[in-house]
Amino acid sequence: MSAAQASRSVEEVWAHAAMAEEDKHLEEKDWRQTIRATCPNCQAPLATNAKFCPECGAKLKVELHCTECGTLLAPNAKFCPECGTKTGVK
Ligand SMILES: [Zn+2]
Ligand SMILES: [Zn+2]
């Protein structure tokens, strides 16, 4: 995944999700991670592993949890250490 794709907007995620039911499940996982990675200060959409908001510079404490089992993941984990689910980290 490129940086441009990782920072796609919430609207784009949902527009894409509406296109195919088969893709929707996967996109909803992206959606949840996108919500977690929204700036608490200005609500700018952030890359899932962003440490600072690119819009307002707010320091971010981003905690990633496995979408399947809820395990707290390392910020750069690509797969859940508990169940092997892909985390969406690019
Ligand atoms: Zn911000
Ligand atoms: Zn898991």
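Residues numbered from 1 in each chain as written. Chains lettered and ligands numbered in written order. Predicted model: local features only at pLDDT ≥ 70, side-chain atom pairs only at ≥ 80, totals over all residues.

**Regarding the overall build of the protein**
Looking only at helices and strands, one finds three helices and two strands in the protein. Going from the N terminus to the C terminus, the protein shows its helices and strands as α-α-α-β-β. Buried residues in the protein amount to 13% of all 90 residues. (Helix = DSSP H or I, 4+ residues; strand = E, 2+ residues; numbered from the N terminus. Buried ≥ 20, exposed ≤ 12 C-beta atoms within 10 Å, placed from the backbone.)

**Some remarks on unusual backbone geometry**
In this model, Gln 43 sits at a positive phi of 65 degrees, which is unusual for a non-glycine residue. Examined against the element boundaries, Gln 43 turns out to sit in the loop between helix H3 (21–36) and strand E1 (64–65).

**Focus: the environment of Leu 73**
Within the secondary structure, Leu 73 sits in strand E2 (residues 72–73). The residues contacting Leu 73, other than those within four sequence positions of it, are Leu 64, His 65, Cys 66, Cys 80 and Thr 87. (Contact = placed C-beta atoms within 7 Å.)

**Section: the environment of Thr 71**
Here Thr 71 lies in the loop between E1 and E2. A residue is classified by how many C-beta atoms lie within 10 Å of it, and Thr 71, with 15 of them, is partly exposed. In the structure, Thr 71 is positioned ten residues away from Pro 81 in sequence and 8.2 Å away in space, judged by C-alpha atoms. Setting aside anything within four residues of it in sequence, one finds Thr 71 in contact with His 65, Cys 66, Cys 80, Pro 81 and Glu 82.

**Digging into the confidence of the model for the protein**
Residue-level pLDDT values for the protein average 76, and 64% of them are 70 or greater. Between the elements of the protein, mean pLDDT differs from a low of 56, seen in H3, to a high of 88, seen in E2. (pLDDT = per-residue confidence, 0-100.)

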